[in-house]
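# Coordinates in review
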Amino acid sequence: MTIDGKTKGNNRKMTCITCPTGCQLEVRGGADGELEITGFQCRRGEEYARNEVLNPKRVLTTTVKVRNGVLPLLPVRTAKAIPKGLLERSMDTLADLEIQAPVRTGDVILANLLDTGIDVIASRDMEKVSNVG
Amino acid sequence: MTKTRQTDVAIIGGGPAGLAAAIAARKAGAKHVTILERSHELGGILQQCIHNGFGLHRFQEELTGPEYAYRFIPEVQKDPGIELYLNTMVLDLSSQQEITAIHPDFGLVKLQARATVLAMGCRERTRGALSIPGTRPAGVFTAGTAQRFVNIDGYMPGKKVVILGSGDIGLIMARRFTLEGAKVEAVVEIMPYPAGLARNIAQCLEDFDIPLYLSSTVTTIHGKDRVEGVTISQVDDKWQPIPGTGRYISCDTLLLSVGLIPENELSQAANIPLDAKTGGAIVDENRETLIPGIFACGNVLHVHDLVDYVSEEAEIAGEAATRYALSKADADAKANERDKGRKAQQVVIKPGENVRYVLPQRLTPGAEADLFLRVTQPMEAITLYLDGVMLARKRQVRPSEMLKIRLRPNHWENLRQNRGDLDGKEISLTAALQPTQPTRLEPETVRGARP
């Protein structure tokens, strides 16, 4: 009754997450260590399958606290995909962060997240709240 | 007495549809465009969709919701020809395009538009629409409401979560809750296949080992003051719970991701005829409703799965609304006659076999336009026919993925050969199951074929 897309072992089936088409990919590990990849409709699908087996990565999107902003939270993301295994630790790191408004889209919120060499950047502008009274 | 303001093109809603419509209207030559937006800022629902995956078609980039919105917002803000009414709730729209709204500074506002673009978006289906048995405790939220609490307001609605419905927002929230430290116990879907995109099943559920129960539903909500658990049961092929299959899952929160409903109260106030299948207005290739001069685009017209197509549709509507507004500059009886003739000439397209809906529902004969459609159930391979004329073949189609087909001059030629004069006729779009051709297919596909 449940869906389990992960087949353990050398042969793996997976859904490509690169675009909304969601191609069903299959990766077979050859004896010589070469990967045989089928089911993709574009180059990026093939690359996704290879990375998914060798070093799966995801873009992390979350929020951080903002001081003096018009809203209490700022949406942020990693500038590039980070290793999947680092998602939880990245969330812990960002949970402690509090930044000052104003912020502009693309501003670096945290440089070199967990020594990945990848920055965490702002996903939107956040104006400073105007002091009333 | 409130003075009535004038505008070339009024746009109701400042989300992705309204933003793209406004920019397109200005490019098409509208001198004065007015956006009426009920929130304190532009961007609509994109502002709370902080995940990435937007804009791949349009910008060849994976943007977050706010980033996608910011591709449009600055252009709208700095354009002196676009007047922005934020924190403004539109209360009424008449078929003569008089708009009544409440503005925090101006009070009651009356706006007379030459053309109007409806871009109000949609809202979520709630528990009341589902009739789930059980108690009435706190802790039952629609997925989008939970998304707003978590991403904008900074509150976690609960720690142990069950999600009913496998729509994209529910899947996105399963991942979001997990990342924020909550435990998502299950996603429960009444249909035998997921409602959301395959990529979201992969990156939101499989990545975090969240189980998805298909052909199942929540049959009881437990708890007095707060949700304490839910009972989920399997359903038969008529979606009825199968006795004896009930299973209790302890949780403090139930999220509902069970569908979106275009928000058309204003359209109804203006007597705009709606399509029962899409929940939005009946429109032609210009996204003009059956009331001349009133156009619709985005999720108020039909629920899209990709914002890229919302922007595209809004540009069609914004541009056409401007053409209408400028041609109506000398509004007179002749223009009304022209409108009537134009509408009478259009071909009506009905969804046929295996097709849930098709949009636009009306076409001017000869129009080169994209048809958007959804199928009724997942199918391996289909051939799409418009009144017997073959349009396209598609593989691996699902109701959750909107299909897009370009209608070309040769299609119209073939239609005319079959039917002669098309003016005012009704034709249907059908999806015929394609017979598999074993010689041309990969071995795996043949295995799946029926004998």
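Residues numbered from 1 in each chain as written. Chains lettered and ligands numbered in written order. Predicted model: local features only at pLDDT ≥ 70, side-chain atom pairs only at ≥ 80, totals over all residues. Heavy atoms only, no water.

What follows is about the overall build of chain B. Helix and strand content of chain B: 12 helices and 27 strands. Its C-alpha radius of gyration of 23 Å places chain B within 12% of the 22 Å reference for a compact globule of 451 residues. In terms of its C-alpha atoms, chain B occupies a principal-axis envelope of roughly 70 × 65 × 40 Å. Counting across all 451 residues of chain B, residues that qualify as buried make up 55%. Working note: accessible area of chain B is about 19,200 Å², and carbon and sulfur atoms make up 51% of it. Charge separation in chain B, taken as the distance between the mean sites of 52 positive and 54 negative side-chain charges, equals 2 Å. (Helix = DSSP H or I, 4+ residues; strand = E, 2+ residues; numbered from the N terminus. Rg over C-alpha atoms; globule rule 2.2 N^0.38 Å. Buried < 20%, exposed > 50% of the residue type's maximum accessible area, 1.4 Å probe, protein only. Areas by Shrake-Rupley, 256 points an atom, 1.4 Å probe, with all protein chains shown as cover. Lys, Arg positive; Asp, Glu negative; His and termini not counted. Charge placed at Lys NZ, Arg CZ, Asp CG, Glu CD.)

Bringing the overall build of chain A into the picture now. Within chain A one finds 2 helices and 10 strands. Ordering the α and β elements of chain A from the N terminus gives β-β-β-α-β-β-β-β-α-β-β-β. When each of the 133 residues of chain A is scored for burial, the buried share is 40%. Partitioning the intrachain contacts of chain A with sequence separation of at least 6 by distance along the chain shows that 47% fall at a separation of at least 24. Approximately 7,400 Å² of chain A is accessible, and the part contributed by carbon and sulfur atoms is 48%. (Contact = heavy atoms within 4.5 Å.)

Below, the discussion takes up the sheet that holds strand S13 (residues 212-213) of chain B. Residue and element names in this part refer to chain B. One open sheet holds the 5 strands; their spatial order is S10-S17-S11-S12-S13, and the pairing between them is parallel. Of all the strands in the sheet, just strand S10 (140-142) and S13 have a single pairing partner and so form its edges. Each of S10 and strand S17 (253-256) touches helix H5 (residues 143-153); the most contacted strand, S10, lies at about 90° to it. (Pairing = 2+ DSSP bridges. Axes fitted to C-alpha atoms, helices over the stretch in contact; angles between N-to-C directions.)

A few words now on the nonpolar core. All names here are of chain B. Grouped together as the largest cluster of nonpolar side chains are 37 residues, with contacts concentrated most on Val9, Ile11, Val33, Val117 and Phe295. No other element matches helix H9 (residues 307-327), which puts 8 residues into this core. Residues in contact with Ile11, not counting those within four places in the same chain, are Gly18, Ala21, Ala22, Val33, Thr34, Ile35, Leu36, Val117 and Ala119. Counting 30 residues, the second-largest nonpolar core is a separate cluster that includes Ile12, Tyr85, Leu93 and Ala101. (Core = buried A, V, L, I, M, F, W, Y, C linked by side-chain atoms within 4.5 Å.)

Residues and elements named next belong to chain B. Of the strand pairs in this sheet, strand S1 (residues 4-12) and strand S8 (residues 107-118) are connected by 8 bridges, and their pairing is parallel. Note on S8: the bridge partner recorded for Ala10 is Thr116. As paired elements, S1 and strand S2 (residues 33-36) share 4 bridges and run parallel to each other. Bridge assignment links Val9 to a residue of S2, and that residue is Val33. One crossover worth recording links S1 to the parallel S2 by way of helix H1 (residues 16-27), and it is right-handed. (Right-handed = clockwise from strand over helix to strand, strands pointing away.)

Right, let's get into the sheet that holds strand S22 (residues 362-363) of chain B. Residues and elements named next belong to chain B. Taking strand neighbours across the sheet as the criterion, the 5 strands line up as S22-S20-S27-S24-S25 in an open arrangement whose pairing is mixed. Every other strand in the sheet has two partners, leaving S22 and strand S25 (389-397) as the edge strands with one partner each. Two strands pair when backbone bridges link them, and strand S24 (residues 379-386) and strand S27 (residues 426-433) are joined in this way by 5 bridges, in the antiparallel orientation. The residue of S27 that forms the bridge with Tyr385 is Thr430. Contacts between helix H11 (residues 409-419) and the sheet are confined to strand S20 (347-351), S22, S24, S25 and S27, with S25 contributing the most and set at about 120° to the helix.

Moving on to a positive patch on the surface. Among the surface-exposed residues, Arg125, Lys277, Lys350 and Arg356 of chain B lie close enough to one another that they form a single positively charged patch. Along the polypeptide, Lys350 of chain B turns up in strand S20. (Patch = residues over 30% accessible without salt bridge, like charges linked within 9 Å, V, L, I, M, F, W, Y side chains within 5 Å. Salt bridge = Lys/Arg side-chain N within 4 Å of Asp/Glu carboxyl O.)

Time to look at the packing of H1 of chain B against H9 of chain B. Residue and element names in this part refer to chain B. Packing of H1 against H9 leaves a shortest axis separation of 7 Å and a crossing angle of 40°. On the basis of the axis angle, H1 is oblique to H9. H1 and H9 meet at a crossing whose hand is right-handed. The segment H1 lies against H9, with Pro16, Ala17, Ala20, Ala21, Ala24 and Ala25 engaging Val307, Val310, Ser311, Ala314, Glu315, Gly318, Glu319 and Thr322. (Parallel < 35°, antiparallel > 145°, perpendicular 65-115°, else oblique. Left-handed = near helix turned anticlockwise from the far one by under 90°.)

So, about the interface of chain B and chain A. On the chain A side, the residues contacting the 40 residues of chain B number 37 residues. Summing both sides of the interface, chain B and chain A together bury roughly 3,100 Å²; the carbon and sulfur share of this comes to 57%. Scanning the region where chain B abuts chain A turns up 4 salt bridges. One salt bridge connects Asp207 of chain B with Lys84 of chain A, and the closest N-O pair in it is separated by 3.0 Å. Contributions of two or more residues to the side of chain B that touches chain A are made by helix H3 (65-70), H5, helix H6 (168-179), helix H7 (198-205) and S13 of chain B. Residue composition of the side of chain B that touches chain A, grouped by class: 17 nonpolar, 10 polar and 13 charged. (Buried area = accessible area lost by both parts, 1.4 Å probe. Nonpolar A, V, L, I, M, F, W, Y, C, P; charged D, E, K, R; others polar.)

Turning next to the domain arrangement of chain B. Residues and elements named next belong to chain B. When its domains are assigned, chain B resolves into domain 1 (4-123 + 261-343), domain 2 (126-258) and domain 3 (347-446). Between domain 2 and domain 3, the contact holds 5 residues from the first and 7 residues from the second. Contact with domain 3 buries area across many residues of domain 2, yet Tyr193, Leu197 and Ala198 alone supply 79% of it, more than any other trio. The interface formed by domain 2 and domain 3 includes 0 salt bridges. At the junction of domain 2 with domain 3, the criterion picks out 0 residue pairs in polar contact (both at pLDDT 80 or more). When its residues are assigned to classes, the side of domain 2 that touches domain 3 shows 4 nonpolar, 1 polar and no charged. (Domains from an automatic or database assignment. Polar contact = N/O pair within 3.5 Å; in protein donor to acceptor, adjacent residues only side chain to side chain.)

Turning to the confidence of the model for chain B, a few remarks are in order. When pLDDT is averaged along chain B, the result is 92; 95% of the residues meet or exceed 70. Scored below 50 in pLDDT, residues 437-451 of chain B shows 9 contacts in the model against residues more than four places distant or in partner chains. (pLDDT = per-residue confidence, 0-100.)

Moving on, we come to the pairing of S27 of chain B. Two elements, S20 of chain B and S27 of chain B, share 4 bridges in a ladder whose sense is parallel. Bridging from a neighbouring strand, Ile349 of chain B pairs with Ile427 of chain B of S27 of chain B.

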